[in-house]
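A structural walkthrough
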Amino acid sequence: MDSTNGSQTLEAQAEAFFDSAPPLQNTHQITQKLDQFIQHKSSPSTNGDARRIVCVTSGGTTAPLEQRCVRYVDNFSSGHRGATSTEYFLKAGYAVIFLYRRGSFQPFCRSLPDDPLVECFEPTDELNIQVREAYSEAVKRAIVDHHAAVTGGHLLKLPFNTIFEYLQMLQLIATSMRCLGPCAMFYLAAAVSDFYVPWKDMVEHKIQSGSHFLDVQLVQVPKMLSMLRKDWAPLAFCVSFKLETDSNILLNKAATALEKYKMHAVVANELTTRKEHVVVVTSADNIIVRRDKSLSGNDVENPLIKLLSERHAAYIKDSSRQV
Ligand code: 9Z3
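An unreviewed UniProt entry lists the chain under the name DNA/pantothenate metabolism flavoprotein C-terminal domain-containing protein, with Lupinus angustifolius given as the organism. Checking UniProt for the chain, the heading Pathway (unreviewed entry) contains the comment "Cofactor biosynthesis; coenzyme A biosynthesis; CoA from (R)-pantothenate: step 2/5."

What follows is the structure in structure tokens.
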């Protein structure tokens, strides 16, 4: 099948993408972890409310250029948005499936330096180490909060590198979460490759230098947001992100994505101001959400998650009325 064929239906494009992707490693273990996590979380809470689970995607996907990959096209995202939002979702009572790019920011570790192991600790003698005074509070908080979230069964972390792994894992997660109906939420902050080289068209070995041009044909990644809404988890509450560098086109692009992919909300953000404010675009309104500068250490994700969790609660209520 020609993967560049724009006249194919979305379903056929998605099928071609998955059929030609290299098989996901450890599919069985991932499915087991997901089922356990979701089962544990899906029993009603003590007040009778169904528990809410959100899948937060975070970091950028890579599109490899060689099967034995040495070079790849990367997508910008530090993972700060996803990691920070995860912390606020946990505070709001959600269980979180954190699908993240290996090496990107992690929940509870934002205030630690880039290389925490060597920078936060120091040797006391040849055999022993201790936490450096300057980092002792941050390290303690990170360890305690992370431990509580993971051992309490509130946080499941699953890493990816490539666009192939990301989409295969997103499909697995979504089909596992389908049983949650409207109590499931997708918060798709990962920066996902728009273009990739299909596995069967990719050279096996490292591309050799020497010629003046590098001639690689990239094809468009099928828009899996539609598959998520239509097939994988049709009742879930879905929030996607729109990133632009030109603020003049941002809101229009977000509104188009909202309609085209039938999202419940699209968070519009501009690259340079993304930590200060975002606009939540829905079919009813556009809401500007700003970081509260008067509170030190406050993040734009704090009011953002509050707003989305309220909208999600209203959506669950609405869905139960319709049954
Ligand atoms: C975002 O827009 C995220 O907010 C950022 C977060 C990637 C800007 P950081 O990780 O940055 O905190 O450094 N994510 C979605 C970007 C994206 O690829 N969206 C697609 C698009 O704009 C739709 S899925 O077309």
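Next comes the rest of the description.
Brief notes about the overall build of the chain
For the chain, the count of helices and strands is nine helices and 14 strands. Scaling as 2.2 N^0.38, a compact globule of 323 residues should have a C-alpha radius of gyration of about 20 Å, and the chain matches this with 21 Å. If you line up the chain on its principal axes, its C-alpha atoms span 65 × 55 × 45 Å. By residue count, 46% of the 323 residues in the chain fall in the buried class. Excluding contacts between residues fewer than 6 apart, the proportion of contacts in the chain whose partners are at least 24 apart in sequence is 70%. Split by element, the accessible area of the chain, about 17500 Å² in all, is 51% carbon and sulfur. Separation between the mean location of the 34 positive side-chain charges and that of the 35 negative ones in the chain comes to 5 Å.

Some points on the site of the ligand
Lining the immediate surroundings of the ligand are 15 residues, of which Ser77, Ser78, Gly79, Lys242 and Asn269 lie closest. Note that an oxygen atom of the ligand is positioned 2.9 Å from one of the backbone N or O atoms of arginine 81. A distance of 3.2 Å separates an oxygen atom of the ligand from a polar backbone atom of leucine 243. Taken by itself the ligand offers 600 Å² of open surface, and the protein chains cover 89% of this. Those elements that place two or more of their residues in the shell around the ligand are α3 (80-91) and β11 (237-244). Sorting elements by how many residues they give to the shell around the ligand places β11 first, with three residues.

Quick look at the environment of threonine 61
For threonine 61, the location among the structural elements is in the loop between β1 (53-58) and β2 (62-64). Assessed through its relative accessible area of 0%, threonine 61 is described here as buried. Sequence-wise, threonine 61 and lysine 317 are 256 residues apart; in three dimensions their C-alpha atoms are separated by 35 Å. When sequence neighbours within four positions are dropped, the list of residues in contact with threonine 61 reads Val73, Asp74, Asn75, Arg101, Phe160, Asn161, Thr162, Ile163, Tyr166, Ala191, Val192 and Ser193.

Notes on the packing of aromatic side chains
Throughout the structure, instances matching the rule amount to twelve aromatic pairs. Judged by centre distance (5.1 Å) and plane angle (85°), the rings of phenylalanine 89 and tyrosine 187 are edge-to-face. Placement of phenylalanine 89 in helix α3 and of tyrosine 187 in strand β8 (residues 184-188) is noted, with a sequence separation of 98 residues between them. For phenylalanine 89, a relative accessible area of 0% puts it in the buried group. Taken together, a centroid distance of 5.2 Å and an interplanar angle of 50° make the contact between phenylalanine 237 and tyrosine 315 tilted. Pair noted here: phenylalanine 237 is in strand β11 and tyrosine 315 is in helix α9 (residues 301-322), with a separation of 78 residues, a long-range link. Residue phenylalanine 237 is classed as buried on the basis of its relative accessible area, which comes to 5%. By way of ring pairs, the aromatic residues Phe17, Phe18, Phe164, Tyr196, Trp199 and Trp232 are connected into one cluster.

What about the pairing of β1?
Burial analysis of β1 places six of its six residues in the buried class, the great majority of the element. Alternating positions in β1 separate into two faces, Ile53, Cys55 and Thr57 on one and Val54, Val56 and Ser58 on the other, with burial throughout. Bridge analysis of β1 against strand β4 (residues 95-101) gives six bridges, and the strand direction is parallel. If you follow threonine 57 over to β4, its bridge partner there is leucine 99. Note that β1 and β8 share five bridges and pair parallel. Note on β8: the bridge partner recorded for valine 54 is methionine 185.

With respect to helix α6 (residues 163-177)
An ideal rise of 1.5 Å per residue puts 21 Å on 15 residues; α6 measures up with 21 Å between its terminal C-alpha atoms. In terms of burial, α6 is largely enclosed, as twelve of its 15 residues are buried. Taken together, the buried positions of α6 are Ile163, Phe164, Tyr166, Leu167, Gln168, Met169, Leu170, Leu172, Ile173, Ala174, Ser176 and Met177.

Description of the pairing of strand β14 (residues 286-290)
One ladder, built from five bridges, connects strand β13 (residues 277-281) with β14; its direction is antiparallel. Residue pairing for β14: valine 279 is matched across the bridge by isoleucine 288. Hairpin connection, β13 to β14: the antiparallel pair is bridged by four residues.

Rules of the game
- Residues numbered from 1 in each chain as written.
- Predicted model: local features only at pLDDT ≥ 70, side-chain atom pairs only at ≥ 80, totals over all residues.
- Heavy atoms only, no water.
- UniProt positions renumbered as here; feature names shortened; annotations may be inferred.
- Helix = DSSP H or I, 4+ residues; strand = E, 2+ residues; numbered from the N terminus.
- Rg over C-alpha atoms; globule rule 2.2 N^0.38 Å.
- Buried < 20%, exposed > 50% of the residue type's maximum accessible area, 1.4 Å probe, protein only.
- Contact = heavy atoms within 4.5 Å.
- Areas by Shrake-Rupley, 256 points an atom, 1.4 Å probe, with all protein chains shown as cover.
- Lys, Arg positive; Asp, Glu negative; His and termini not counted.
- Charge placed at Lys NZ, Arg CZ, Asp CG, Glu CD.
- Near = heavy atom within 4 Å.
- Polar contact = N/O pair within 3.5 Å; in protein donor to acceptor, adjacent residues only side chain to side chain.
- Phe/Tyr/Trp six-rings, centres within 6.5 Å; stacked < 30°, edge-to-face > 60°.
- Pairing = 2+ DSSP bridges.
- Expected span 1.5 Å × (residues − 1).

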